[in-house]
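Topology and contacts: notes
Listed below are the residues making up each chain.
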Amino acid sequence: LCAVSYADNVVKIGVFEPMSGDNGAGGKQEVLGMQYANSVCPEVEIGGETYSVELVYADNASSNDKAPSAAQTLVSSGVSVVLGSYGSGVSIAAGDTFANAMVPAIGVTCTNPQVTSECDVYFRICFLDPFQGTVLAGFAKESLGATKAYCLAKQGDDYSGGLCNYFISAFGKDNCVYEQFPEGTQDFSTYITNAQNQGCDVFFSPVSTEAAAQIIAKANTQALGMPILAGDTWDSNVILQAAKGTDLSINVTTFYQEGADADFDAGIKAWISGDSVNLANNGGNDELAAVTVMGYDAYFFALEALKAAGSVDPEEVLAVIPSVTYEGVTGSIALDDTGDAVRDSAFVKSCNTETGVWDFVTVAKAA
């Protein structure tokens with residue numbers, strides 16, 4: 001915990017997240033981790049002076065078109081560093097805005113490689129989709145016994161399309177059926193039927209939580225008959241609530257499993273439960289999503305960058321971020337030459353449709 005003082009200095013950390021739109025539920029959960037971290041440690045020592053940390057919010061609305069203006073709002077407000085976003089597409093779309101202003105951005109759970117490879121001021125603390133896609137394909141083959149996979153992504157979505165492509169590459173293109181649904185799709189019955197008619201053994205669809213809930217509903221009523229597999233976006237209360245009471249098998253890869261740090265879990269769950277807004281933003285209960293824990297770690301990683309810079313000037317913070325390290329709740333964080341976290345493992349967990357919680361399955365390591 002931080003020592004409390006009463007300095008007049010304020011350092012602003014931008015929160016670039018979807019608080020509305022398709023990924024609004026996930027964005028709110030990611031922000032909860034940052035807010036809890038700010039409540040735990042509201043001040044930081046920078047260049048020998050104590051600064052109060054102010055979180056400044058900009059809703060990118062889960063929209064690639066709206067992302068640049070949301071990013072510009074943060075730049076104009078004088079933030080020293082930005083956290084976010086949940087969703088790779090909006091992160092990629094905002095990259096030029098942050099780069100033009102020389103304001104560093106720290107991706108929390110945006111897993112598409114282009115977030116950092118196409119932008120010199122973007123960094124990230126999570127694993128990437130090439131790794132996640134390979135882990136998911138291996139799990140489908142080895143643990144689920146799948147020999148033919150149905151893959152469903154959203155048209156124009158960098159995250160779901162990219163992750164499907166990495167999965168297909170690892171699983172084997174000739175053994176996959178790949179389809180994309182357009183913006184605004186609400187009825188997924190045709191896609192469920194296609195997967196069944198093609199004789200697939202697993203249904204892979206790493207899409208937004210909003211689309212996921214609709215897929216789960218149709219998979220249940222149409223008796224899908226095969227396990228569902230997805231990436232980190234499905235690690236959400238939205239999924240647990242949609243799947244509870246069904247006969248579906250749902251497995252996901254993610255960044256953290258509740259129970260890995262009991263003291264941390266107890267503290268943040270009490271904080272979430274103690275405030276009605278926090279509870280609502282977490283989906284109505286205190287079930288802990290990995291993105292929330294990643295948001296917590298991202299906040300403290302940003303504080304380490306500010307301390308290392310000894311300055312609130314964004315360009316000076318940008319200069320030191322590549323060398324910053326931090327021992328987080330989700331593990332050790334250090335960056336490679338591209339600005340990506342050096343991560344070699346992912347949690348795999350399964351939705352318990354009776355109790356409405358996630359059950360730990362395994363920790364998958366990089367080959």
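Our structure is the block above this text.
Read on for an overview of the structure. Source: prediction; values computed, not measured. (Residues numbered from 1 in each chain as written. Predicted model: local features only at pLDDT ≥ 70, side-chain atom pairs only at ≥ 80, totals over all residues. Heavy atoms only, no water.)

Section: the environment of glutamine 241
Put simply, the test is: Segments assigned H or I by DSSP are reported as helices when at least four residues long, segments assigned E as strands when at least two residues long, and all are numbered from the N terminus. N or O atoms closer than or at 3.5 Å make up a polar contact, with two conditions inside protein: a donor-capable atom paired with an acceptor-capable one, and, for residues adjacent in sequence, both atoms drawn from side chains.
Looking at the secondary structure, you find glutamine 241 in helix α9 (residues 237-243). Separated by 115 residues in the primary sequence, glutamine 241 and glycine 356 have C-alpha atoms spaced 6.5 Å apart. One polar contact links the side chain of glutamine 241 to the main-chain carbonyl oxygen of glycine 283, over a distance of 2.7 Å.

A short note on the packing of helix α2 (residues 67-76) against helix α3 (residues 88-101)
Our working rule: Each axis is a line fitted through C-alpha atoms, and for a helix only the stretch in contact is used; angles between axes span 0 to 180 degrees, taken between their N-to-C directions. Left-handed is the label given to a crossing in which the near helix is rotated counterclockwise from the far helix by less than a right angle, and right-handed is the label when the rotation is clockwise. A contact between two residues is defined here by any heavy atoms of the two lying within 4.5 Å. For this scheme, ten residues count as nonpolar: Ala, Val, Leu, Ile, Met, Phe, Trp, Tyr, Cys and Pro. Four count as charged, namely Asp, Glu, Lys and Arg, and the remainder, Gly too, count as polar.
Their axes nearest at 8 Å, the elements α2 and α3 cross at an angle of 35°. For the element pair α2 and α3, the recorded crossing hand is right-handed. Taking contact as the criterion, the partners of Ala67, Pro68, Ala71, Gln72 and Val75 in α2 are, on α3, Val90, Ala93, Ala94, Thr97, Phe98 and Ala101. Looking at the contact of α2 with α3, its residues break down into nine nonpolar, two polar and no charged.

Things to note about the nonpolar core
Short version of the rule: Take the buried Ala, Val, Leu, Ile, Met, Phe, Trp, Tyr and Cys residues and link them wherever side-chain atoms come within 4.5 Å; each set so joined is a nonpolar core. Burial classes: relative accessible area under 20% of the type maximum marks a residue as buried, over 50% as exposed, and values in between as partly exposed (1.4 Å probe, protein chains only).
Residues Ile13, Phe16, Phe98 and Phe167 are the most contacted members of the largest nonpolar core, which totals 96 residues. The element contributing the most residues to this core is helix α12 (residues 290-309), with 14 residues. Ranked by size, the runner-up nonpolar core spans 29 residues in total, among them Leu152, Leu224, Ile239 and Ala243.

Points about the sheet that holds strand β7 (residues 149-154)
Convention followed: Strands pair, by our definition, only if DSSP identifies at least two bridges between them.
The strand order across the open sheet formed by seven strands is β8-β7-β9-β10-β11-β14-β15, and the pairing between neighbours is mixed. What marks the edges here is a single partner per strand, and that holds for β8 (176-181) and β15 (357-365). The sheet shows a mean angle of 25° between the axes of neighbouring strands, taken without regard to direction. One ladder, built from three bridges, connects β7 with strand β9 (residues 202-204); its direction is parallel. Looking at β9, one finds that alanine 149 is bridged to valine 202.

Taken by themselves, the reported measurements are silent on function.
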